[in-house]
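So the chains spell out like this:
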Amino acid sequence: MKRILALLFVLLMVFSLAACKKVENTPKGQYDTNDLGSNDKGGDDYIVAITAYDRARYFYSEYEKLFKKYGEAKLEDGNLKGVAVVRLLDFMGNGNLNMYIAYADGSKPYVNKQMVFGFDNGGSVLVGDPYVKKEGGSVSEDITSLATADAKNPSVWLYTATTGRGYIVSGDNMTEAPSFNTYFQMYEGEKTYNFKEEKGAVSGGTFEKIDLTGLNDEAFDTIAERTQKVVDSLKVTAQNKPAK
């Protein structure tokens with residue numbers, strides 16, 4: 001009887017640990033690095049950890065390049081400036097987080113450019129690569145999404161579906177016909193990958209709308225705090241290489 005009870009206890013512990021591991025790999029939102037290695041969750045803990053470390057190092061190094069060139073997020077005359085928006089979203093739908101950045105390059109009095117960085121078999125720029133112009137993409141490095149037909153200035157719209165997949169939402173009038181754009185493979189003579197509008201209904205999820213102008217101190221603080229949370233998390237992960 002004692003042996004049976006002991007066996008049941010061991011099995012219970014095994015199932016409990018498995019459940020905990022599954023929870024750890026559940027997507028946790030746009031501000032966490034906990035899932036940076038989640039696509040490798042079928043491997044051992046070290047593979048997951050080292051993948052997260054490598055991805056965080058690449059993301060943080062790219063963030064630093066932009067930060068050194070365009071400066072920190074700041075509010076001037078109600079306008080958002082600097083490297084103001086950093087978010088982590090799964091644009092590929094494969095369980096790996098990508099890094100979205102919105103910044104002001106100085107050509108406008110507010111944030112006007114966006115970039116997306118991926119990390120699959122090495123780092124890559126998915127949107128906004130100054131050296132490689134990807135033809136056929138529906139997401140430009142220029143931020144142009146307008147909240148309404150009569151809106152004077154654009155804003156950033158990010159969407160996370162209940163599936164965990166991320167989207168950049170764009171359009172000349174977001175109240176009527178928004179375009180949900182994400183990164184997926186296409187076949188146009190050969191297999192390619194690019195940001196394209198997903199045809200059909202995209203429903204069930206959460207929006208984050210980020211105004212780039214007309215901000216007060218409270219609104220700016222919310223944006224800046226969320227960005228800093230991502231940056232700090234990336235930095236910590238990138239500076240702590242896991243032991244094998």
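Predicted model only: the values in this text are computed from it and were never measured.

(A) Inspection of unusual backbone geometry at higher detail. Of note, Asp77 is a non-glycine position whose phi angle comes to about 55 degrees, a positive value. Considering the arrangement of structural elements, one finds Asp77 in the loop between β1 (74–76) and β2 (79–81). We classify Asp77 as exposed; its relative accessible area is 81%.

(B) Structural view of the sheet that holds strand β5 (residues 113–119). With antiparallel pairing, 4 strands are arranged side by side in an open sheet as β3-β4-β5-β6. Here the strands that pair on one side only, and so sit at the sheet edges, are β3 (83–89) and β6 (123–127). Across the sheet, the mean angle from the axis of one strand to that of its neighbour is 25 degrees, orientation sign disregarded. In terms of strand pairing, strand β4 (residues 98–103) meets β5 through 5 bridges, oriented antiparallel. Along β5, the bridge assignment pairs Tyr103 with Lys113. Seen against the sheet, helix α2 (residues 45–70) touches β3, β4, β5 and β6 and runs at an angle of roughly 160 degrees to β5. With respect to the sheet, helix α3 (residues 217–238) is in contact with β3 and β4, its orientation differing from that of β3 by roughly 60 degrees.

(C) Looking closely at the confidence of the model for the protein chain. Mean pLDDT over the protein chain works out to 80, with 75% of the residues at or above the 70 mark. Overall, residues 2–31 carries pLDDT values under 50, and its contacts beyond four positions in sequence, including any with other chains, amount to 26 contacts.

(D) Geometry of the environment of Thr148. Relative to the assigned elements, Thr148 resides in the loop between β6 and β7 (155–161). Looking at Thr148, the relative accessible area reads 27%, which means it is partly exposed. Apart from residues no more than four positions distant in its own chain, Thr148 is found in contact with Asp172, Asn173, Met174 and Thr175.

The rules behind the values
Residues numbered from 1 in each chain as written. Predicted model: local features only at pLDDT ≥ 70, side-chain atom pairs only at ≥ 80, totals over all residues. Heavy atoms only, no water. Helix = DSSP H or I, 4+ residues; strand = E, 2+ residues; numbered from the N terminus. Buried < 20%, exposed > 50% of the residue type's maximum accessible area, 1.4 Å probe, protein only. Pairing = 2+ DSSP bridges. Axes fitted to C-alpha atoms, helices over the stretch in contact; angles between N-to-C directions. Contact = heavy atoms within 4.5 Å. pLDDT = per-residue confidence, 0-100.

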